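# Structural characterization, general
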Amino acid sequence: MKILKTIQEMSVFSKKARRDGKSIGLVPTMGFLHEGHLSLVKSALLSVDLTVVSIFINPAQFGKNEDLDKYPRNMDKDLALLKEAGVDVVFAPEASEMYPGGFITFVTPQGGLEDVLEGEIRPGHFRGVATVVAKLFNITEPDKAFFGQKDAQQCLIIKKLAHDLNFSAEIVILPTVRETDGLAKSSRNSYLDAKERKAAPAIFKALQMAQHMIELGENDPSVVTAEIRKMIGRTKLLDLEYAVITDPETLHPVDSIGGRALALIAAKVGTTRLIDNIMIER
Ligand code: PAF
């Protein structure tokens, strides 16, 4: 497994691979890998010739008071996991490599998807995500890029980015990987202490309850979200930020539930923000 730290090295590798007729799969990550990331890696390994995993904690997508400095890191463990999985290349640049002095050009999604839900609570977050993903696409020239459905809003924005900026990469979205008690795998779960960890699965339980209510015929989103609020409200250590039932493509809240809908929750567990979602088919 090659470990490349510079854009130049990564770019030379990708260009040669393309000349040799090899397809490239990119799995962008911020490291501290878990089974969710590894499911993306496995899918890439099965469907492309060369799998590139990027490990880069992107400062541009963190707000001033967010967790950039304490974001969990374990490069040695990540590299061991990726080597064992059979990954071809890890691209792990420094922040100064991706954003050298004088960097002024950002990709800013504008159209509504970026300033609701996560975008409303984390202003500028999706500008940072879109910028780094566009840079990673330019540097690695992937045929396919793999993302997890846990970050549903990010997935929609990246699909739009690829379409609008004419990246040829196919955007592959894979299901959320969960702990046995339903908690969505996330690097940020490592912030939770024992009591918080015990409380956190209530987020997924609330989503499952929403799904059952809708499957049983409830079509008023306000009735469903009121039940979610009650359930999360009853759980000690949990503080709900939002619970919404939306159109899965536009993220506009729906007036009435029919067909497919996306239920999304963000909640604080102690001081840790967690997000999750579930697709509801009717
Ligand atoms: O989902 C993430 O880990 C990040 O937002 C991503 C896509 C790697 C961009 O930094």
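Our structure's up above, just so we're on the same page.
In this report, we go over the structure that sits alongside the text.

### Topic: the site of the ligand
In the vicinity of the ligand, the contacting residues are Pro-28, Thr-29, Met-30, Asn-58, Gln-61, Val-132, Phe-147, Asp-151 and Gln-154. Taking Gln-154, its side chain carries an N or O atom lying 2.7 Å from an oxygen atom of the ligand. In the complex, 89% of the free accessible area of the ligand, which totals 290 Å², lies under the protein chains. Among the residues making up the shell around the ligand, the classes are represented as 4 nonpolar, 4 polar and 1 charged.

### Describing helix H10 (residues 221-234)
Between the first and last C-alpha of H10 there are 20 Å, a value that for 14 residues agrees with the 20 Å anticipated at 1.5 Å per step. All buried positions along H10 are accounted for by Pro-221, Val-224, Thr-225, Ile-228, Met-231 and Ile-232. The buried residues of H10 occupy an angular sector of 120° when the element is viewed end-on, so they sit on one face. Looking at H10, the residues exposed on the side facing more than 90 degrees away from the buried face are Gly-233 and Arg-234. Where the residues of H10 are buried, they touch helix H9 (202-215), strand S7 (238-246) and strand S8 (261-269).

### Re the environment of Asp-69
Tracing the backbone through its elements, the reader meets Asp-69 in the loop between strand S3 (50-55) and helix H3 (75-85). Classification of Asp-69 by relative accessible area gives exposed; the value is 73%. Spatially, the C-alpha atoms of Asp-69 and Asp-88 are 29 Å apart, while their sequence positions differ by 19 residues.

### Considerations on the pattern of salt bridges
Per the counting criterion, the structure on display carries 17 salt bridges. Asp-181 is the salt-bridge partner of Arg-197, the closest N and O atoms lying 2.9 Å from each other. Here the residue Arg-197 occupies a position in helix H8 (residues 194-199), and Asp-181 occupies one in the loop between strand S6 (170-174) and H8, the gap between them amounting to 16 residues. Arg-197 gets classed as partly exposed once you look at its relative accessible area, which sits at 25%. Overall, Asp-181 belongs to the partly exposed group, its relative accessible area being 31%. A cluster of three or more residues bridged by salt bridges with shared partners is formed by Lys-15, Arg-18, Glu-141 and Asp-143.

### Things to note about the pairing of S3
Burial runs high along S3: 6 of the 6 residues are buried. In the classification by handedness, the crossover that spans strand S2 (residues 24-29), the intervening helix H2 (residues 35-47) and the parallel S3 is right-handed. Relative to strand S4 (residues 89-91), S3 runs parallel, the two sharing 3 bridges. Residue pairing across strands places Val-52 opposite Val-89, the latter belonging to S4. Traced from S3 through H3 to S4, the parallel crossover comes out right-handed.

### Notes on the packing of aromatic side chains
Inspection of every chain in the model, using the stated rule, returns 5 aromatic pairs. Both rings, one in Tyr-99 and one in Phe-103, keep their centres 4.9 Å apart while their planes meet at 85°; by these two values the pair is edge-to-face. According to the relative accessible area criterion, Tyr-99 is buried, its value standing at 16%. Residue classification places Phe-103 among the partly exposed positions, given a relative accessible area of 25%.

### Quick notes on the pairing of S6
Pairing of strand S5 (residues 144-148) with S6 involves 5 bridges; the strand directions are parallel. Looking at S6, one finds that Phe-147 is bridged to Ile-173. Chirality of the crossover, the property in question, places the unit of S5, helix H7 (residues 152-164) and S6 among those that are right-handed.

### Focus on unusual backbone geometry
Unlike most non-glycine residues, Phe-32 shows phi in positive territory, near 50°. Relative to the helices and strands, Phe-32 is located in the loop between S2 and H2. Judged by relative accessible area, which is 27%, Phe-32 ranks as partly exposed. The phi angle at Leu-237 is positive, at roughly 80°, despite the residue not being glycine.

How each quantity is defined
- Residues numbered from 1 in each chain as written.
- Predicted model: local features only at pLDDT ≥ 70, side-chain atom pairs only at ≥ 80, totals over all residues.
- Heavy atoms only, no water.
- Near = heavy atom within 4 Å.
- Polar contact = N/O pair within 3.5 Å; in protein donor to acceptor, adjacent residues only side chain to side chain.
- Areas by Shrake-Rupley, 256 points an atom, 1.4 Å probe, with all protein chains shown as cover.
- Nonpolar A, V, L, I, M, F, W, Y, C, P; charged D, E, K, R; others polar.
- Helix = DSSP H or I, 4+ residues; strand = E, 2+ residues; numbered from the N terminus.
- Expected span 1.5 Å × (residues − 1).
- Buried < 20%, exposed > 50% of the residue type's maximum accessible area, 1.4 Å probe, protein only.
- Arc of directions from axis to C-beta.
- Contact = heavy atoms within 4.5 Å.
- Salt bridge = Lys/Arg side-chain N within 4 Å of Asp/Glu carboxyl O.
- Right-handed = clockwise from strand over helix to strand, strands pointing away.
- Pairing = 2+ DSSP bridges.
- Phe/Tyr/Trp six-rings, centres within 6.5 Å; stacked < 30°, edge-to-face > 60°.

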